[in-house]
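# Summary of structural features
Here are the chains, one letter per residue:
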Amino acid sequence: MLLPSLPDLNIQDWKKMLRQVLLVCLMIQCTIADTKYKKGTAVPLAKQTWLTLHGDEPVVVANGGFSGLYPSQTDIAFRNVFGKNGTVFLCDLHMSRDGHGFCLSQLNIQNTTNAADAFPDRRKTYTVNGKELQGWFALDFTSDEMFSKLLVTQSIFSRTDLFDFSSPYPTDLFLEENNNARVWINAEYPAFYNQHNLSLVDQIKQLLEVKKDISYISSPDIGFLKRMGPVVHGLKTKLMFKFPIDRSTVEHTTNKRYASLLTKLSVIKKFAAGIVVPREYIWPVNRARHLKSSTNLVAKAHKQGVQVFAYGFANDNYLPYNYSYDPQREYLQFVDNSKFAVDGVVTDFATSASTAIACLAGSRNASRKVHTLIITANGASGDYPGSTDLAYQKAVDDGADIIDCSVQMTKDGVAFCLPSVDLISTTTASGPFMSRATKVEALQSSMGIFSFDFTWEEIQSLKPQMFSEFNGELARDPACKNVGKFVTLSDFLEFAKAKAVPGVLINIENAAFLAANKDLDIVGTVMIALSNATLDKQSTQKVLIMSGESSVLDKFKDIPTYQKVLHIKKKVEFVTNETALEIKKHADAVFLHKHSLYTQFRGEGFTLNSTNLIECMHWANISVYAGTVVNEFQDIYMDFNSDPYTLIHNLIYYGADGIITQYPSTANAYTRNLCTGNQESYRIPDINPGDVITYALDPKEVEEYKPPPPEYLETKDFVTPPLPPVAAIAKKNDHGGSASNSIFSLL
């Protein structure tokens with residue numbers, strides 16, 4: 001690994017070695033693909049007006065460096081912080097037995113280092129803030145022992161352990177190597193160390209000799225902050241009073257609960273410039289994971305001249321449902337809510353906080369700067385059950401360019417919108433109609449309850465159901481699980497016309513099966529519905545016809561205003577020029593799975609290389625729509641900071657002509673970001689595939705990895721025989737289901 005354990009070196013040798021080691025830092029290019037943006041000279045933006053105490057832009061504080069990816073408080077975590085100008089590096093100060101300071105995220109290092117394995121006999125029990133705490137503690141090790149045997153590990157088990165190879169980081173070395181950065185020292189347990197004849201005050205005095213301009217020093221200990229007052233007098237250092245998550249905890253200097261101290265802001269101002277509080281102190285969250293009304297804490301603090309910083313931000317938190325799993329929306333709730341702005345945020349993902357503050361705040365009414373198509377996946381199906389009236393209305397409100405309808409057929413010939421022909425996952429059919437489950441090998445390997453076995457009246461007796469690939473804490477809002485109404489194809493088209501949506505996408509699948517086995521002409525039904533809506537006779541609104549079957553797309557080749565989109569359903573990694581030209585015979589565009597655009601490193605959630613798909617499709621003059629993009633962090637490569645904005649940015653930077661998403665609000669916010677075209681602004685990073693692992697890991701480890709052979713896209717994957725004739729078609733009405741054309745009347 002990059003930093004092996006060297007038992008023969010003492011701390012001074014380590015410091016000397018680490019100073020001399022030259023690591024090629026990950027220089028993330030901050031350029032934008034010009035072809036995706038408006039041409040011309042960038043116009044400087046008007047200065048943002050902030051509701052912080054002094055009107056300054058909120059500060060981004062990198063909690064332990066880039067701790068969302070790398071083990072917190074390590075040299076590699078601090079080296080790879082990428083944030084806006086003025087980003088602050090936060091180090092939690094702890095002490096070794098021989099009086100050396102280290103950046104460590106927790107007092108008990110059992111879950112943050114390999115101490116339990118390296119020193120199994122060092123387990124201790126200490127009384128900390130009146131409670132017994134068992135584990136392994138830095139003060140039980142000499143600094144040489146920490147360097148020679150201990151490795152810092154990722155303490156949050158949902159994050160990667162791929163970078164668990166760094167030794168603990170000495171605080172003086174931290175300050176020396178980050179001499180040009182703004183830094184923050186957090187002294188969480190001064191009383192505990194005092195009990196063991198170790199003084200954090202004296203340690204910080206020594207650190208101030210290394211770097212005079214420490215920006216912030218924080219602690220939950222009032223006595224410590226008061227002792228630090230004379231030490232930092234005359235310096236620019238700000239002392240910050242930190243509040244714990246549990247406000248019923250007692251502060252030992254005053255013997256008062258933190259909840260009581262929070263009401264005494266005028267007293268706090270006498271020994272601290274500001275307070276650091278959990279984000280729930282400002283925006284409380286109820287048990288159903290919905291936001292409650294904000295407190296007046298920020299307003300009261302600002303009235304007293306006290307700054308407020310909020311902590312606890314991370315992209316891989318289980319966010320309140322109000323944010324639709326969009327981490328930037330949470331930051332904006334704290335800094336851009338028209339009533340107040342916190343003075344800073346402490347986060348494990350400084351890049352995302354920087355994007356929110358530098359690029360998205362104040363952009364609600366901005367014009368688009370990134371011109372790429374935003375195409376929905378069953379409407380705004382991240383917020384409401386897919387393909388319902390509510391999902392489509394929210395998609396329109398959220399600024400989607402193209403709203404989509406995956407057409408399903410009832411046995412009485414009504415075409416309606418639903419994500420899948422199988423009703424089990426997207427409706428409540430499995431309750432009353434489980435007895436009608438059957439297995440259709442031609443469609444899927446599992447049992448299903450299929451729309452073509454039901455009448456439209458029976459479909460309407462069901463409720464829609466929110467579908468997500470994620471369960472547990474990442475499940476979508478239970479309050480919206482069964483809301484909304486089903487929408488017929490004709491209603492969908494009329495809604496799109498009434499709302500003047502720029503375009504519609506009609507997805508047609510299983511056409512051959514329906515024609516041959518169920519006497520249902522789904523292609524003819526769609527054609528009639530589009531004609532009835534006069535969408536075949538105009539060019540104002542785009543019409544995209546999508547299918548995974550070439551024979552379906554061929555049926556629409558005589559209507560030049562329609563764009564034909566081939567859905568490549570399987571994950572592929574390579575396409576030949578010959579295959580691309582074959583696609584061009586049937587389609588104008590392709591819908592590619594976003595993970596088909598990159599190869600992975602050992603299945604670890606990191607990109608390794610780019611594939612040739614977009615390049616080859618563009619060579620054949622085929623547009624590429626990438627998706628399906630969702631906000632949930634588990635579906636986003638770790639290279640991309642578990643951040644949907646970084647993912648969307650890089651899909652477009654890589655060449656995608658459109659984004660297919662279940663959260664159009666996030667894609668729309670990205671297209672209006674104020675950083676695009678502004679050369680002096682913070683820039684959303686361009687992530688080249690393989691950058692992270694190539695930089696961070698031992699080159700031999702990367703070189704020795706042999707990826708499996710690439711999956712080729714072949715003509716057999718999409719070229720299908722001509723559709724069979726339909727022997728009989730049930731109930732030849734308009735097949736668009738005019739029976740419920742008032743579904744959108746209340747929207």
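Residues numbered from 1 in each chain as written. Predicted model: local features only at pLDDT ≥ 70, side-chain atom pairs only at ≥ 80, totals over all residues. Heavy atoms only, no water.

Across its full length, the protein carries 25 helices and 28 strands. For the protein, the C-alpha radius of gyration of 29 Å lies close to 27 Å, the compact-globule estimate for 747 residues. If you line up the protein on its principal axes, its C-alpha atoms span 90 × 60 × 55 Å. For the protein, the share of sequence-separated contacts (at least 6 apart) that also reach a separation of at least 24 residues comes to 74%. Accessible area for the protein stands at about 30,600 Å²; split by element, carbon and sulfur atoms hold 50% of it. Once the 72 positive and 79 negative side-chain charges of the protein are each reduced to a mean point, those two points are 7 Å apart. (Helix = DSSP H or I, 4+ residues; strand = E, 2+ residues; numbered from the N terminus. Rg over C-alpha atoms; globule rule 2.2 N^0.38 Å. Contact = heavy atoms within 4.5 Å. Areas by Shrake-Rupley, 256 points an atom, 1.4 Å probe, with all protein chains shown as cover. Lys, Arg positive; Asp, Glu negative; His and termini not counted. Charge placed at Lys NZ, Arg CZ, Asp CG, Glu CD.)

A few words on the pairing of strand S24 (residues 589-593). Taken across its five residues, S24 has four buried, putting it largely inside the fold. Here strand S23 (residues 562-567) pairs with S24 via three bridges, running parallel. Looking at the pairing, Val565 lines up with Ala589 of S24. Taking the sense of rotation as the criterion, the β-α-β connection linking S23, helix H20 (residues 577-586) and S24 turns out right-handed. As paired elements, S24 and strand S27 (residues 623-629) share five bridges and run parallel to each other. Bridging from a neighbouring strand, Leu592 pairs with Ala626 of S27. (Buried < 20%, exposed > 50% of the residue type's maximum accessible area, 1.4 Å probe, protein only. Pairing = 2+ DSSP bridges. Right-handed = clockwise from strand over helix to strand, strands pointing away.)

By the secondary structure assignment, Asn315 is in the loop between strand S13 (307-313) and helix H12 (327-335). On the basis of relative accessible area, Asn315 is assigned to the buried category, the value being 3%. Through-space distance from the C-alpha of Asn315 to that of Asp643 is 6.6 Å; in sequence the pair is 328 residues apart. Residues within four places of Asn315 in sequence aside, it is in contact with Pro327, Tyr331, Phe349, Ser352, Phe633, Asn641, Ser642 and Asp643.

Turning our eyes to something else, we now look at the packing of aromatic side chains. This structure, assessed with the given rule, holds 39 aromatic pairs. An angle of 75 degrees between the planes, with centres 6.0 Å apart, marks the rings of Tyr637 and Phe640 as edge-to-face. An identical accessibility class is assigned to Tyr637 and Phe640; each is buried. Within the aromatic cluster, the residues linked to one another by ring pairs are Phe66, Tyr70, Phe163, Phe349 and Phe606. For Arg279, the ring lying beneath its charged end belongs to Phe313, and the centroid distance is 5.9 Å. (Phe/Tyr/Trp six-rings, centres within 6.5 Å; stacked < 30°, edge-to-face > 60°. Lys NZ or Arg CZ within 6 Å of the ring centre and 35° of its normal.)

A separate point is the pairing of S13. With six of seven residues buried, S13 is to be regarded as a mostly interior element. You can see the chain leave strand S12 (residues 274-278), run along helix H11 (residues 297-303) and come back into S13, and the turn it takes is right-handed. Taken together, the four bridges between S13 and strand S14 (residues 344-347) define a ladder with parallel strand orientation. Each residue of the ladder has a partner; that of Tyr311, found in S14, is Val346.

For the rest of this paragraph, the subject is the pattern of salt bridges. Working definition: two side chains of opposite charge can pair if their charged atoms are close together. If you walk through the whole model with that rule in mind, you get 30 salt bridges. Salt-bridge contacts for Glu280 lead to Arg279; the nearest nitrogen and oxygen are separated by 3.3 Å. When its relative accessible area of 33% is taken as the criterion, Glu280 is described as partly exposed. Residue Arg279 is classed as buried on the basis of its relative accessible area of 11%. Each of the salt bridges in this network shares a partner with another, and the network as a whole consists of Arg159, Asp316 and Asp348. (Salt bridge = Lys/Arg side-chain N within 4 Å of Asp/Glu carboxyl O.)

This paragraph deals with helix H23 (residues 664-671). Note on helix geometry: an α-helix contains 3.6 residues per turn, so any two residues three or four positions apart are oriented the same way. Within H23, eight of the eight residues are buried, which leaves it mostly tucked inside the rest of the structure. Those residues of H23 that fall on the buried side of the exposure criterion are Pro664, Ser665, Thr666, Ala667, Asn668, Ala669, Tyr670 and Thr671. Elements in contact with the buried residues of H23: H12, helix H13 (350-360), strand S15 (373-376), helix H14 (389-397), helix H22 (644-654) and strand S28 (658-661).

Glancing now at the UniProt feature "domain: GP-PDE" (unreviewed entry) in the protein. If you check UniProt for "domain: GP-PDE" (unreviewed entry), the listed places come out as residues 58-357 and 372-671 in our numbering. The straight-line gap between the two end C-alpha atoms of residues 58-357 is 7 Å; of that span, 28% is helix and 21% is strand. Span residues 372-671 is 28% helix and 20% strand, its end C-alpha atoms 8 Å apart. (UniProt positions renumbered as here; feature names shortened; annotations may be inferred.)

With that settled, consider the state of the cysteines. Here the structure, examined in full by the defined rule, presents three disulfides. Here Cys91 connects covalently by a disulfide to Cys103, the sulfurs 2.1 Å from one another. An S-S torsion of about -105 degrees defines the bridge between Cys91 and Cys103 as left-handed. Residue Cys91 is found in strand S2 (residues 88-95), and its partner Cys103 is found in strand S3 (residues 101-103); the two are separated by 12 residues along the sequence. By the burial criterion, Cys91 is buried, and Cys103 matches it. Here Cys359 pairs with Cys675 through a disulfide, and the sulfurs are 2.0 Å apart. Measuring handedness by torsion sign, the sulfur bridge of Cys359 and Cys675 sits at about -95 degrees and is left-handed. One end of the pair, Cys359, is in helix H13; the other, Cys675, is in the loop between H23 and helix H24 (691-696), and 316 residues separate them in sequence. (Disulfide = S-S within 2.5 Å.)

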